[in-house]
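# Tertiary structure, described
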Amino acid sequence: MDTYMREAIREAKKAEAIGEVPIGAVIVRDGEIIGRGYNLRETEKDPTAHAEMVAIREAAQRLGEWRLAGCTLYVTLEPCPMCSGAILLSRIDCLVYGAYDPKGGCSGTLMNLLNDPRFNHQVTVMDGIMEAECGELLTSFFRNLRKQRKEG
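Per an unreviewed UniProt entry, the protein chain goes by the name tRNA-specific adenosine deaminase and belongs to Salinithrix halophila. Quoted verbatim from the Catalytic activity (unreviewed entry) heading of the UniProt record, the comment on the protein chain is "adenosine(34) in tRNA + H2O + H(+) = inosine(34) in tRNA + NH4(+)". Per UniProt, the comment on the protein chain under Subunit (unreviewed entry) is "Homodimer."

The following block contains the structure:
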């Protein structure tokens, strides 16, 4: 599990390197990474270019279908409502995330869309995996951003 979360952290660092909020994701099926993504909202000027969405698109393209049954998504930050919805709609079996998102997390913190029995699919959720490392990426990014704004 830590191996794949470390891969998600590597993806997050790619986002950070281009000035994006450092969030990364990987999708695994049968022990193989089939989708990777990192936050690209600012770069692509696209509000849907979250790490999870990028990874889901890549995995679906690689498999040649939208159903990602048998897949696990590893992401450094708890998914927002949009990404939680995409996880449900793509039929991903399991979500593993690192840091909790008290302002937008919809995989357990503010609400849990992924385990709502009113939907026709539920997702197994494992939270807090490598939480300190994932959280530190975000904390240091925003600390540096505030410092740059103060200095500039």
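### Focus on the overall build of the protein chain
When you go through the protein chain residue by residue, the secondary structure sums to five helices and five strands. Along the chain direction, N to C, the helices and strands of the protein chain fall in the order α-β-β-α-α-β-α-β-β-α. In terms of overall dimensions, the protein chain is globule-like: its C-alpha atoms have a radius of gyration of 15 Å, near the 15 Å expected for 152 residues. The dimensions of the protein chain, computed from C-alpha atoms along their principal axes, are 50 × 30 × 30 Å. Nonlocal contacts in the protein chain, meaning residues at least 24 apart in sequence, comprise 57% of its contacts between residues at least 6 apart. For the protein chain, the centre of its 19 positive side-chain charges and the centre of its 22 negative side-chain charges are spaced 4 Å apart.

### Examining the UniProt feature "binding site: Zn(2+)" (unreviewed entry) in the protein chain
Using the residue numbers shown here, the UniProt feature "binding site: Zn(2+)" (unreviewed entry) corresponds to His 50, Cys 80 and Cys 83. For the residues just named, distributed over 34 residues, the greatest C-alpha separation is only 9.3 Å, placing them together at one site. By secondary structure assignment, the location of Cys 80 is in the loop between strand 3 (71-77) and helix 4 (81-89). Since its relative accessible area comes to 16%, Cys 80 is described here as buried. Setting aside anything within four residues of it in sequence, one finds Cys 80 in contact with His 50, Gly 104 and Cys 106. Mapping Cys 83 onto the fold places it in helix 4.

### Some words on the pattern of salt bridges
In the structure shown here, the tally under the stated rule is six salt bridges. One salt bridge connects Arg 36 with Glu 7, and the closest N-O pair in it is separated by 2.9 Å. Residue Arg 36 is located in strand 2 (residues 32-38), and its partner Glu 7 is located in helix 1 (residues 2-17); the two are separated by 29 residues in the primary sequence. Given a relative accessible area of 28%, Arg 36 falls into the partly exposed group. Of the residues examined, Glu 7 reaches a relative accessible area of 17% and is grouped as buried. Notably, a salt bridge pairs Asp 116 with Arg 118, separated by 2.6 Å at the nearest N-O pair. You can call Arg 118 exposed: its relative accessible area is 76%. One connected set of salt bridges, linked through shared partners, spans Glu 7, Arg 10, Glu 11, Lys 14 and Arg 36.

Rules of the game
Residues numbered from 1 in each chain as written. Predicted model: local features only at pLDDT ≥ 70, side-chain atom pairs only at ≥ 80, totals over all residues. Heavy atoms only, no water. UniProt positions renumbered as here; feature names shortened; annotations may be inferred. Helix = DSSP H or I, 4+ residues; strand = E, 2+ residues; numbered from the N terminus. Rg over C-alpha atoms; globule rule 2.2 N^0.38 Å. Contact = heavy atoms within 4.5 Å. Lys, Arg positive; Asp, Glu negative; His and termini not counted. Charge placed at Lys NZ, Arg CZ, Asp CG, Glu CD. Buried < 20%, exposed > 50% of the residue type's maximum accessible area, 1.4 Å probe, protein only. Salt bridge = Lys/Arg side-chain N within 4 Å of Asp/Glu carboxyl O.

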